[in-house]
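Here are the chains, one letter per residue:
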Amino acid sequence: MFDITGYYEAHSLANVFELLKEQPTARIVAGGTDVLVKSRARVTGFVETPLIGISRVAEMKGVIMADDGTINIGALTTFDEIEHNKIINQNMPLLSQAVSLVGGPQTRRMGTIGGNVCNAGPAADSAPALFTYNAVCEICSATTTREVPITEFYIGVGKVKLQPGEVLVKFKITKQNYQGYQGYYIKFAQRAALDIANLSCAALVKVTENKIQDLRICFGAAAATPIRMPAAEAYGLGKEVSNDTLTTIGDYCLQDTKTIADWRASKEYRDHLVTVLPVRALALALKDGE
Amino acid sequence: MIQEIEFTLNGEAVTCAVDVRKSLLEMLREDFSLIGMKEGCSVGECGACSVLIDEQAVDSCIYLAVWVDGKSITTIEGITHTDGSLDNVQQAFIDAGAVQCGFCIPGMIISSSQFIKENPQPSRDEIRRALSGNMCRCTGYQKIIDAVELAVETK
Ligand code: FES
Ligand code: FES
């Protein structure tokens, strides 16, 4: 059994806020693939607490394209749904590719993109793609709605900018942040399935007449939070696409990463990966688009 | 804290007053004496506890029992036909020699059943990906993949 002190199920978004008011110490659970695993491991804050279940809140599910081309992804949309969603496949293939690599099929059917982000694991597979698409998080409380760019939403391992009573409802990606881009995500892990990345890299690039018009690179598991590579991105702007350019972009990435050693990999090994993964990701992104 | 739930279990409408702290795995094994699905890791990594919820294979160890309210569950016991004869997926696992200790097999068959239904002509790579959430410590997987191919042929 899970060591929880109660379970309350929300039937609508308004109901989530009511329950949060009645149970201010409760933890929100969506698909359970992180929260229930942490509860099993008796992580502080995940045991001896009530849970509020939101998996039946319809307003927080699904992918919609607004009239101006902005793509809205409900926080409760599962990895499996995102992987197979037409709007995402056509416009944000980097994201569908990234979420297709999460855990195993069972995990992808239950795990949600909002849960993946709010759990704030440094290696979360959906995060680097959302960072490169400049996704904006829509955060609601009973009385307020505010927007926070995902690049500013993370505070540290397991910590995001949510105040008590607030819920991440959806992600918004504007047209100018996905149209005309090509992307690729590399998850570097020991096993192909059911593993956590040693390092992961999402690269998103816009190229016209063989010149880089825009470049965005984000690493997962290279720091406490997913991080973009401003030095490498700035270097790449306006450059011709060539092997030399890509290799130099890879080298620039060392300026912005703070890799660590742990039982999964040494620092030297990770630093090597930091320089080669973006090169590979960019090469594959550009090859895909041809 | 107890919650009253109603759901369909292997084709039968059932109700249960369940402790909200229980996983679906615990409820099915303890309250319904269905012990075909196994608890391997209890954290969603091995797939031994897989069941179909509304025709989708999920890990029942990290699924709250109360979440099945209003849903339809099929366990390995429900894959076996009501007259006790084996489903062709089960038979294919036997015929292909895909079963060693057997601990992972109920989960493998649950995942395979959904997959075969949705993919009538799968490649070996597609089979591998479909079963990538199920771990086996005995067989080395080759014969399990053979079994799924055989099940596709004998459908
Ligand atoms: S026991 Fe559920 S996935 Fe291992
Ligand atoms: S047959 Fe023993 S674990 Fe698969």
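Residues numbered from 1 in each chain as written. Chains lettered and ligands numbered in written order. Predicted model: local features only at pLDDT ≥ 70, side-chain atom pairs only at ≥ 80, totals over all residues. Heavy atoms only, no water.

1. Here's the deal with the overall build of chain A
Part 1: A count of helices and strands for chain A gives 12 helices and 14 strands.
Part 2: A compact globule built from 290 residues should have a C-alpha radius of gyration of about 19 Å, and chain A, at 19 Å, falls within 12% of that.
Part 3: Seen along its three principal axes, the alpha-carbon backbone of chain A occupies a region of about 60 × 50 × 30 Å.
Part 4: Within chain A, the fraction of its 290 residues that count as buried is 55%.
Part 5: Within chain A, contacts between residues at least 6 apart in sequence are counted, and of these 61% link residues at least 24 apart.
Part 6: Entry remark: accessible area of chain A is about 12300 Å², with carbon and sulfur atoms responsible for 52%.
Part 7: The positive charge centre, built from 29 side chains, and the negative charge centre, built from 30, are 3 Å apart in chain A. (Helix = DSSP H or I, 4+ residues; strand = E, 2+ residues; numbered from the N terminus. Rg over C-alpha atoms; globule rule 2.2 N^0.38 Å. Buried < 20%, exposed > 50% of the residue type's maximum accessible area, 1.4 Å probe, protein only. Contact = heavy atoms within 4.5 Å. Areas by Shrake-Rupley, 256 points an atom, 1.4 Å probe, with all protein chains shown as cover. Lys, Arg positive; Asp, Glu negative; His and termini not counted. Charge placed at Lys NZ, Arg CZ, Asp CG, Glu CD.)

2. Considering the pairing of strand S5 (residues 71-74) of chain A
All names here are of chain A.
Part 1: The alternating pattern of S5 places Ile71 and Ile73 and Asn72 and Gly74 on opposite faces, both of which are buried.
Part 2: As judged from the three bridges shared by strand S4 (residues 63-65) and S5, these two strands associate in the antiparallel manner. Bridge pairing links Val63 to Ile73 in S5.
Part 3: Counting the residues that bridge the hairpin from S4 to S5 gives five residues, and of these Gly69 lies at a positive phi of roughly 90°. (Pairing = 2+ DSSP bridges.)

3. Some thoughts on the interface of chain B and chain A
Part 1: Listed as interface residues are 37 residues of chain B and, on the opposing side, 31 residues of chain A.
Part 2: Interface area for chain B against chain A, summed over the two sides, is near 2600 Å², with a carbon-plus-sulfur share of 57%.
Part 3: At the boundary of chain B and chain A, one finds one salt bridge.
Part 4: Close ionic contact of Arg129 of chain B with Glu83 of chain A constitutes a salt bridge, the shortest N to O distance being 3.2 Å.
Part 5: The interface formed by chain B and chain A includes 15 residue pairs in polar contact (both at pLDDT 80 or more).
Part 6: Elements with a minimum of two residues in the side of chain B that touches chain A: strand S4 (56-59), helix H4 (105-118) and helix H5 (124-130) of chain B.
Part 7: At four residues, S4 of chain B tops the list of elements feeding residues into the side of chain B that touches chain A.
Part 8: Residue composition of the side of chain B that touches chain A, by class: 15 nonpolar, 12 polar and 10 charged. (Buried area = accessible area lost by both parts, 1.4 Å probe. Salt bridge = Lys/Arg side-chain N within 4 Å of Asp/Glu carboxyl O. Polar contact = N/O pair within 3.5 Å; in protein donor to acceptor, adjacent residues only side chain to side chain. Nonpolar A, V, L, I, M, F, W, Y, C, P; charged D, E, K, R; others polar.)

4. Details of the domain arrangement of chain B
Residues and elements named next belong to chain B.
Part 1: The domain architecture assigned to chain B consists of domain 1 (2-79) and domain 2 (88-153).
Part 2: Taken together, the contacts link 19 residues of domain 1 with 14 residues of domain 2.
Part 3: Summed over both sides, the interface of domain 1 with domain 2 buries roughly 1300 Å², with 61% coming from carbon and sulfur.
Part 4: There are one salt bridge connecting domain 1 and domain 2.
Part 5: Lys117 is paired through a salt bridge with Glu55; the nearest N and O atoms lie 3.5 Å apart.
Part 6: Linking domain 1 to domain 2 there are four residue pairs in polar contact (both at pLDDT 80 or more).
Part 7: Contributing elements (two or more residues each) for the side of domain 1 that touches domain 2: strand S3 (50-53), S4 and helix H2 (76-79).
Part 8: Ranked by residues supplied to the side of domain 1 that touches domain 2, first place goes to S3 with three residues.
Part 9: Of the residues contributing to the side of domain 1 that touches domain 2, the split by class is eight nonpolar, seven polar and four charged. (Domains from an automatic or database assignment.)

5. Section: the nonpolar core
Part 1: Grouped together as the largest cluster of nonpolar side chains are 55 residues, with contacts concentrated most on Ile54, Met60, Ile73, Met92, Leu95, Ile150 and Phe171 of chain A.
Part 2: In contact with Met92 of chain A, not counting residues within four places along its chain, are Ile71, Ile73, Ile87, Tyr133, Ile173 and Tyr178 of chain A.
Part 3: Membership of the second largest hydrophobic core comes to 35 residues, among which are Val29 of chain A together with Met37, Ile53 and Ile73 of chain B. (Core = buried A, V, L, I, M, F, W, Y, C linked by side-chain atoms within 4.5 Å.)

6. Topic: the UniProt feature "domain: FAD-binding PCMH-type" (unreviewed entry) in chain A
Part 1: UniProt annotation of "domain: FAD-binding PCMH-type" (unreviewed entry) refers to residues 1-178 of chain A when read in the numbering used here.
Part 2: Along residues 1-178 of chain A the backbone is 33% helical and 22% strand, and the end-to-end C-alpha distance reaches 44 Å. (UniProt positions renumbered as here; feature names shortened; annotations may be inferred.)

7. Concerning the sheet that holds S4 of chain A
The strands making up a sheet are joined through hydrogen bonds of the backbone, oriented either antiparallel or parallel.
Residues and elements named next belong to chain A.
Part 1: On the basis of which strands lie adjacent, the open sheet formed by five strands has the order S4-S5-S10-S6-S7 and antiparallel pairing. At either end of the open sheet lies a strand with only one pairing partner, and these are S4 and strand S7 (145-149). Recorded for the sheet is a direction-independent mean angle of 25° between the axes of neighbouring strands.
Part 2: Note: strand S6 (residues 136-140) against S7, five bridges, orientation antiparallel. Along S7, the bridge assignment pairs Glu138 with Glu147. (Axes fitted to C-alpha atoms, helices over the stretch in contact; angles between N-to-C directions.)

8. Section: the domain arrangement of chain A
Interface size is commonly expressed as the accessible surface area that is lost when the partners come together.
Part 1: According to the domain assignment, chain A consists of domain 1 (7-53), domain 2 (58-176) and domain 3 (182-288).
Part 2: Centre-to-centre separation of domain 1 of chain A and domain 3 of chain A, based on C-alpha positions: 35 Å.

9. A word on the packing of aromatic side chains
Part 1: Taken as a whole and judged by the stated rule, the model has five aromatic pairs over all chains.
Part 2: With a centroid separation of 5.7 Å and 75° between ring planes, the pair formed by Phe7 of chain B and Phe32 of chain B is classed as edge-to-face. You can see Phe7 of chain B sitting in strand S1 (residues 2-9) and its partner Phe32 of chain B sitting in the loop between helix H1 (24-31) and S3, a full 25 residues away along the chain.
Part 3: When the ring centre of Phe46 of chain A is taken as origin, the NZ or CZ atom of Arg27 of chain A, which lies over that ring, is 3.7 Å away.
Part 4: Just above the ring of Phe103 of chain B sits the side chain of Arg137 of chain B; from NZ or CZ to the centre is 5.5 Å. (Phe/Tyr/Trp six-rings, centres within 6.5 Å; stacked < 30°, edge-to-face > 60°. Lys NZ or Arg CZ within 6 Å of the ring centre and 35° of its normal.)

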